Amino acid sequence: MATIQPADNNLYSVLARGWSEPARTFITMLDGTTISYAQLESGTARFANAIRALGVNTGDRVVVQVEKSPSALFVYLACVRAGAVFVPLNTAYTTAELDYFIGDAEPALVVCDPSRREAIGAIAARIGRCAVETLDANGRGSLFDLAHAASGEFATEPRAADDLAAILYTSGTTGRSKGAMLTHANLASNALVLARTWAFTRDDVLIHALPIFHVHGLFVATNIILASGASMIFLPKFDPDEVFRNMPRATALMGVPTFYVRLLADKRLSHETTKHIRLFVSGSAPLLAETHRAFSERTGHAILERYGMTETGMNTSNPYQGGARVAGAVGLPLSGVTIRITEPETGTALAAEEIGMIEVKGPNVFKGYWRMPDKTKSEFRGDGFFITGDLGKIDGKGYVHIVGRGKDLVITGGYNVYPKEIESEIDAIPGVFESAVIGVPHADFGEGVTAVVVREKGASVDERTILGALDGRLAKFKQPKRVLFVDELPRNTMGKVQKNVLQAAYKDLYRSLPKTG
C-alpha cells in the first residue's frame, strides 16, 4: 500500500507529489480552454490567501454550496492548503435544509451562489464570526475577485495525519444529518491506493461528468487525477453528446449507474465509439447485473464496480487486471482495507457466503461524526471496525456482494436518501395519517423514491397535493417520484412497518417507463 511520509501529512502536499511537470494540463474545458498544474498551484494559493484574509484560520470550517467549476475545485484545495476544514453541500439543498448544516458546522466562511447570498447571510449572522462570499456557475463572484487580487504564493499549512480535511454530511435514519469527519490521511491514503489499483498515470484523461460536492466526484475522481498527475475533461454535468464527443481523446469515465443506463439507450454506444477508453467505473449506487452485461455486449468493456461510502471513501473494487469483474459484486477489499461480515447484533464474524453486516477497518475509515461522540462510539466495534449498516456477504473467492441495506437507505441517481426525513415532512401535511418511504427498482436511477401514504379518515389529500407540499421543502432528489395510497401499512407482530412487503408489492412500479434512444 502507498505510504504517507510524516513530512507530507497535508493532503495537498501528498497529491502535489503527483504533478512533477507544472506545464502539463490539469483541466480541459468544453470550449478548449486549459488549466495547467502551474495554474492550479498559483490559483489555489490565491484562494488560500483570500480565505485567510476573510478570517479563516487553521481548523475553521468552510461551507461551500456552489455549482461545478474550476474555481470550486480551487476553493476545495485552498481550504486543504490553509489547514481549514472543507464542507461541501449538495447544490439541491433548500434554504431550510442549509439552516441546519450551517448551524451545525459553525463555519468561518460560507461560499454560495450569488442568488443565495442574502438568505444564507441571514443564517450566517446567527453564528457570529462567519463571512459569506459567492461563486457562480462560471466560477466568478466576490470570492473570485478577492482571490484574483491576492498573491499567487502560499506556504501550505503543515497538518498532522489525523487533522480534519473535510466534513461531509450524510443523513441519519432519525432525519438528523451527521457530519462525517475525514482526515488528511483518510483522503490521501484512499487516493493513492485507488490511483495504483486502477493503474492511473500522467497520460490518462478522465471525462469528469460527476458533481463535486460528494465523495465520488471530489475525493475519488478529482483526487486520483491529482495524485497521478493526469488530466480531465471537465463537464458541468453528464451530457451524452459531450461524453461521445470527448471519448476519442479520453481514457477513463467514472459515473453512477444512471450514466451507463443512458449511454445504453443511445444508438452511438458501440465497440468503435468506446475503443479509446481503458476504464469505465461505476459507483455511488448498485449497478444492475443486466446493465453490466448489456454494456459489455455493446462495447466489449466490463464496467468496473466498486463499493464505498461517505464515511470511508472506497473500500473495495473489482479487479482492474488479474481477475474477473463479477456482475453484481463490488469486488475485493482495497490494499490496506479489511472487510468482514458479522452477525449484526453481536458482531460475531460469519463464514463465507453467509449474509450479515458489512464492517470495515483501514486508513480510509473516518474519524467519527462531528460533535456526536455517542453516535460515533455506537458505530464502531471495540476492535475499531466501522459498522457500515450495509448487509452483504463475501463469496468463496473473496468478492464482496451487497445484498441489502440496514437503516432503510435509498440510493437514487447516486444520492443517499433517508426515508425518515421525507416521512416526517409527509406526515405533517394535513390529511395524512402516516407514511412509509421506500426505494423501488428504477432502471435509470437505481432506485426510485416512493411514498406509500395512509390518509386520515375522510381526507381527500392526493398525490399532487403531497408533491406540491414537498416542493421547496426538500431537495429535488429526495422528493418521491410517486405517491401511492393504501388503507393501512403492513406491520409485523411488534408493530413495525414491514417495508420489505411494500417493496415487494411495488417492485414493478417503474418497469413500464418508456425507453429512450
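Please refer to the structure placed before this passage.
Structure report, in brief. (Residues numbered from 1 in each chain as written. Predicted model: local features only at pLDDT ≥ 70, side-chain atom pairs only at ≥ 80, totals over all residues. Heavy atoms only, no water.)

### Some thoughts on the overall build of the chain
Summing up its helical and strand segments, the chain has 15 helices and 25 strands in all. By the compact-globule yardstick of 24 Å for 517 residues, the chain fits well, its C-alpha radius of gyration being 23 Å. Based on the C-alpha atoms only, the size of the chain along its principal axes is roughly 65 × 55 × 50 Å. Once local pairs closer than 6 in sequence are excluded, the contacts in the chain between residues at least 24 apart make up 67%. Element-wise, carbon and sulfur atoms account for 51% of the exposed surface of the chain, whose accessible area totals about 20,900 Å². With 55 positive and 55 negative side-chain charges, the chain shows a separation of 2 Å between the mean positions of the two kinds. (Helix = DSSP H or I, 4+ residues; strand = E, 2+ residues; numbered from the N terminus. Rg over C-alpha atoms; globule rule 2.2 N^0.38 Å. Contact = heavy atoms within 4.5 Å. Areas by Shrake-Rupley, 256 points an atom, 1.4 Å probe, with all protein chains shown as cover. Lys, Arg positive; Asp, Glu negative; His and termini not counted. Charge placed at Lys NZ, Arg CZ, Asp CG, Glu CD.)

### Quick look at the sheet that holds strand 15 (residues 332-333)
As summarised here, the arrangement of the nine strands in space is 2-1-10-9-11-12-13-14-15, forming an open sheet in which the pairing is mixed. What marks the edges here is a single partner per strand, and that holds for strand 2 (34-36) and strand 15. Bridge analysis of strand 1 (residues 25-29) against strand 10 (residues 231-234) gives three bridges, and the strand direction is parallel. By the bridge assignment, Thr-28 is partnered in strand 10 with Ile-233. (Pairing = 2+ DSSP bridges.)

### Quick look at the sheet that holds strand 23 (residues 432-442)
Pairing in this open sheet of three strands is mixed, and the strands run 23-24-25 from one edge to the other. Edge strands, defined here as strands with exactly one partner in the open sheet, are strand 23 and strand 25 (482-485). Strand-to-strand twist across the sheet, computed as the mean angle between neighbouring axes with direction ignored, equals 30°. Pairing analysis gives ten bridges linking strand 23 to strand 24 (residues 446-455), with the strands arranged antiparallel. (Axes fitted to C-alpha atoms, helices over the stretch in contact; angles between N-to-C directions.)

### Focus: the packing of helix 7 (residues 184-197) against helix 8 (residues 215-228)
Viewed as axis vectors pointing N to C, helix 7 and helix 8 meet at an angle of 70°, and their least axial separation amounts to 9 Å. In terms of their interaxial angle, helix 7 and helix 8 are classed as roughly perpendicular. Residues Leu-187, Ala-191, Leu-192, Leu-194 and Ala-195 of helix 7 lie in contact with helix 8, whose contacting residues are Phe-219, Val-220, Asn-223, Ile-224 and Ala-227. (Parallel < 35°, antiparallel > 145°, perpendicular 65-115°, else oblique.)

### Remarks on the packing of aromatic side chains
In this description, an aromatic ring pair is defined by two values, namely the gap between the centres and the angle between the planes. The final tally for this structure, using the stated rule, is 21 aromatic pairs. Ring centres of Phe-26 and Tyr-37 lie 5.2 Å apart, and the angle between their planes is 50°; on these two criteria the pair is classed as tilted. One end of the pair, Phe-26, is in strand 1; the other, Tyr-37, is in helix 2 (residues 37-53), with eleven residues separating them in the sequence. A single burial state applies to Phe-26 and to Tyr-37, both of which are buried. An angle of 50° between the planes, with centres 5.3 Å apart, marks the rings of Tyr-76 and Phe-86 as tilted. Taken together, the residues Tyr-76 in helix 3 (residues 70-82) and Phe-86 in strand 4 (residues 85-88) connect sequence positions ten residues apart. Summarising the burial analysis for this pair, Tyr-76 and Phe-86 share the class buried. Sitting over the face of the ring of Phe-234, Lys-68 holds its NZ or CZ atom 4.8 Å from the ring centroid. Above the plane of the ring of Phe-200 lies Arg-278, whose end atom (NZ or CZ) is 4.8 Å from the centre. (Phe/Tyr/Trp six-rings, centres within 6.5 Å; stacked < 30°, edge-to-face > 60°. Buried < 20%, exposed > 50% of the residue type's maximum accessible area, 1.4 Å probe, protein only. Lys NZ or Arg CZ within 6 Å of the ring centre and 35° of its normal.)

### Points about the layout of surface pockets
Taken as a whole, the second largest pocket holds about 770 Å³ of empty space. A per-element tally of the lining of the second largest pocket places helix 10 (residues 257-264) first, with three residues. (1 Å grid on protein atoms, 1.4 Å probe; cavity = no way out; pocket = protein on both sides within 12 Å on 5 of 7 lines; lining within 4 Å. Points joined across faces, edges and corners; volume = space filled by probe spheres on them.)

### Here we look at the pairing of strand 11 (residues 252-255)
Side-chain alternation along strand 11 places Ala-252 and Met-254 on one buried face and Leu-253 and Gly-255 on a second face that is also buried. By the bridge criterion, three bridges tie strand 9 (residues 205-208) to strand 11 in an arrangement that is parallel. Residue Leu-206 lies in a different strand from strand 11, and its bridge partner there is Ala-252. Pairing geometry for strand 11 and strand 12 (residues 279-282), over four bridges, is parallel.

### What to know about the pairing of strand 4
Here strand 4 shows two buried faces, one formed by Val-85 and Val-87 and the other by Phe-86 and Pro-88. In terms of strand pairing, strand 3 (residues 61-65) meets strand 4 through four bridges, oriented parallel. Note on strand 4: the bridge partner recorded for Val-64 is Pro-88. With helix 3 bridging strand 3 and the parallel strand 4, this β-α-β connection has right-handed handedness. (Right-handed = clockwise from strand over helix to strand, strands pointing away.)

### Considering unusual backbone geometry
Phi is positive for Glu-106, which is not a glycine, with a value near 45°. Relative to the assigned elements, Glu-106 resides in the loop between helix 4 (95-105) and strand 5 (109-112).

### Focus on the nonpolar core
In terms of nonpolar packing, the biggest core is built from 114 residues, with Phe-26, Trp-198, Phe-219, Met-254 and Leu-263 touching the most fellow members. Among the elements that take part in this core, helix 3 stands out by supplying ten residues, more than any other. The contact partners of Phe-26, leaving out residues within four places of it in the chain, are Ile-35, Ser-36, Tyr-37, Leu-40, Leu-73, Ile-225, Leu-226, Ala-230, Ser-231 and Met-232. Counting residues in each nonpolar core, the second largest holds 38 residues, with Val-87, Trp-370, Val-437 and Val-461 among its members. (Core = buried A, V, L, I, M, F, W, Y, C linked by side-chain atoms within 4.5 Å.)

### What to know about the environment of Leu-164
In this structure, Leu-164 sits in strand 7 (residues 164-170). Using a relative accessible area of 14% as the deciding quantity, one classes Leu-164 as buried. As for Leu-164 and Ala-16, which are separated by 148 residues in sequence, their C-alpha atoms are 18 Å apart. Among all residues touching Leu-164, those that are not within four sequence positions of it are Ala-84, Val-85, Met-181, Leu-182, Thr-183, His-184, Lys-367 and Trp-370.

### Details of the side chain of Thr-170
With respect to the helices, strands and loops of the structure, Thr-170 is situated in strand 7. For Thr-170, a relative accessible area of 4% gives the class buried. With sequence-adjacent residues up to four places away left out, Thr-170 is seen in contact with Ser-177, Lys-178, Thr-310, Glu-311, Tyr-369, Asn-416 and Tyr-418.

### Let's talk about helix 4
In an α-helix, one full turn covers 3.6 residues, which means residues spaced three or four apart are oriented alike. Buried residues of helix 4: Glu-97, Leu-98, Phe-101, Ile-102, Asp-104 and Ala-105, and no others. Angular distribution of buried residues about the axis of helix 4 spans 165°; they occupy a single face of the element. Structurally, helix 4 contributes buried residues whose contacts are with strand 3, strand 5, helix 5 (117-124), strand 7 and helix 13 (419-427). At the exit of helix 4 stands Glu-106, carrying a positive phi of roughly 45°. (Arc of directions from axis to C-beta.)

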